[in-house]
Amino acid sequence: MNIQALLFESLICPTCGSSFYEKDINLERISCDSCNTKYPFINGVPILINELKSIFSISDFETSKNLFFDVSKSGSRIGFLSKKIFPSIGGNNLGKKNFRFLSKLISSTYEVAKPKVLIIGGSIVGDGMSEFIKSNALDLIEADVSFGPQTKIIFDAHSVPYKNETFHCVIVQAVLEHVIDPGKCVEEIYRVLKPDGIVYAETPFMQQVHGGPYDFTRYSRSGHRRIFRNFKEIKSGATAGSGTSLAWAYQYFLLSLFGYSDKIRLAIKLFARATGFWIKYFDYLTKFNPRDFDGASGFYFIGSKSPVTLSDKEVINYYSQE
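Every value quoted in this text rests on a predicted model; they were computed, and no experiment measured them.

Topic: the overall build of the chain
For the chain, the helix and strand inventory stands at eleven helices and ten strands. Burial statistics for the chain: of 322 residues in total, 51% are counted as buried. Taking as baseline every contact in the chain between residues at least 6 positions apart, the subset at least 24 positions apart corresponds to 72%.

Considering the environment of Lys-114
Mapped onto the elements of the fold, Lys-114 is located in the loop between α4 (95-109) and β4 (116-120). Engagement of the side chain of Lys-114 in a polar contact is seen with the backbone oxygen of Asn-136, the distance being 3.3 Å.

Side note on the side chain of Gln-150
Along the chain, Gln-150 turns up in the loop between β5 (139-144) and β6 (153-155). Exposure remark for Gln-150: the relative accessible area of 19% places this residue in the buried category. A distance of 2.9 Å separates polar atoms of two side chains, one belonging to Gln-150 and the other to Glu-142. Setting aside residues no more than four positions away along its own chain, Gln-150 makes contact with Gly-122, Ser-123, Ile-124, Val-125, Ile-133 and Glu-142.

Quick notes on helix α6 (residues 182-192)
All of the buried residues in α6 are Pro-182, Cys-185, Val-186, Glu-188, Ile-189, Arg-191 and Val-192. Looking at the buried side of α6, the elements it contacts are β4, β7 (167-173), β8 (193-204), α7 (221-227), β9 (231-240) and β10 (298-305).

Regarding the pattern of salt bridges
This structure, assessed with the given rule, holds eight salt bridges. Residue Lys-116 pairs with Glu-9 through a salt bridge whose shortest N-O separation is 3.2 Å. Of this pair, Lys-116 sits in strand β4 while Glu-9 is found in the loop between α1 (3-8) and β1 (29-31), placing the two residues 107 residues apart along the sequence. Overall, Glu-9 belongs to the partly exposed group, its relative accessible area being 36%.

With respect to the environment of Gly-243
One can find Gly-243 in helix α8 (residues 242-258). Gly-243 sits 39 residues away from Phe-282 along the chain, and the two C-alpha atoms are 4.9 Å apart. Setting aside anything within four residues of it in sequence, one finds Gly-243 in contact with Ile-279, Lys-280, Phe-282 and Asp-283.

Points about the state of the cysteines
In protein structure, a disulfide is the covalent linkage between the sulfur atoms of two cysteines. Within this structure, the stated rule accounts for zero disulfides. Between Cys-185, a cysteine without a disulfide, and Cys-169, which holds the nearest cysteine sulfur, the sulfur-to-sulfur distance is 17 Å.

Comments concerning a nonpolar patch on the surface
Where nonpolar side chains cluster on the molecular surface, the patch consists of Phe-253, Leu-257, Phe-258, Tyr-260 and Ile-264 and spans about 550 Å² of accessible area. If you tally residues by element for the nonpolar patch, the top one is α8, at three residues. Position of Leu-257 among the secondary structure elements: in helix α8. Look at Leu-257 and you get partly exposed, because its relative accessible area is 38%.

Section: the packing of aromatic side chains
Counted according to the given criterion, the structure contains 16 aromatic pairs. Between Phe-61 and Phe-147, the aromatic rings sit 6.1 Å apart at their centres with planes inclined by 80°, giving edge-to-face as the arrangement. Of this pair, Phe-61 sits in helix α2 (residues 58-62) while Phe-147 sits in the loop between β5 and β6, and the two are 86 residues apart along the sequence. Judged by its relative accessible area of 1%, Phe-61 is buried. Since its relative accessible area comes to 9%, Phe-147 is described here as buried. For the pair Phe-228 and Phe-301, a centre-to-centre distance of 5.1 Å together with 10° between the ring planes defines the contact as stacked.

Cut-offs and rules
- Residues numbered from 1 in each chain as written.
- Predicted model: local features only at pLDDT ≥ 70, side-chain atom pairs only at ≥ 80, totals over all residues.
- Heavy atoms only, no water.
- Helix = DSSP H or I, 4+ residues; strand = E, 2+ residues; numbered from the N terminus.
- Buried < 20%, exposed > 50% of the residue type's maximum accessible area, 1.4 Å probe, protein only.
- Contact = heavy atoms within 4.5 Å.
- Polar contact = N/O pair within 3.5 Å; in protein donor to acceptor, adjacent residues only side chain to side chain.
- Salt bridge = Lys/Arg side-chain N within 4 Å of Asp/Glu carboxyl O.
- Disulfide = S-S within 2.5 Å.
- Patch = residues over 30% accessible without salt bridge, like charges linked within 9 Å, V, L, I, M, F, W, Y side chains within 5 Å.
- Areas by Shrake-Rupley, 256 points an atom, 1.4 Å probe, with all protein chains shown as cover.
- Phe/Tyr/Trp six-rings, centres within 6.5 Å; stacked < 30°, edge-to-face > 60°.

Below is the structure:
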């Protein structure tokens, strides 16, 4: 299926929930007959923001202001410079392995020719996701609230503009910490997933602020499980352990002492990578076992949509289950 047909199939108005019809969509805008809201295309990307319920407005994208992680404009000097010389200070140790598992899980679960996968926060290729997004066996929609090389549609995850039970899989990698109401976003994920749909999530626990004003929440392993309480767990664990947590703390400690200007912060980050990149490799001593969960840098969760809700008592017991 071509990308436009894939994007517009099952698309609904994020403001009122009404379906769009072919006559509502042209190369410049999408118009809703029910609520008279118009959604523009910018550089070929449709902007479907519900301004009544979002911290973003359509004008933010029209004027290129307040765009979260706008890689098309800001890029990453620290990333460009340091990756040429040193490994990153942190990272996702299991991303590639997890996405290989996810790919096989999707293929074995669904008999359709191309399962539909929604990647929320997909403006850039996520850690370990390179092979996954190149798969010809999947139909991918990469969405975000920022422009990037992978962005196909822009919307706020609090109001996903797709009909109920549209997708076979939804991926939220390093997203839930950056939304105002993670519970509402997970409700939206649940809504747009098919009855046996799969969710893949990665969320930090012990990691300092990244994303400036758009960073709100952290989750322990139990907290991560509770927010996905309407899903049956397939697999979960730490994406990075306490070694990575220590590496992040080292960098941000240095920044707290000397990071007064952008140039100084850049220099500190380069110094932190040069002198502290090795700390994260202590993760391999713990081998991501349960003893490391209390200090892990982040967690992943793979689950299937379920009619059964995990009780809070079961969440308490979940802490000791490993």
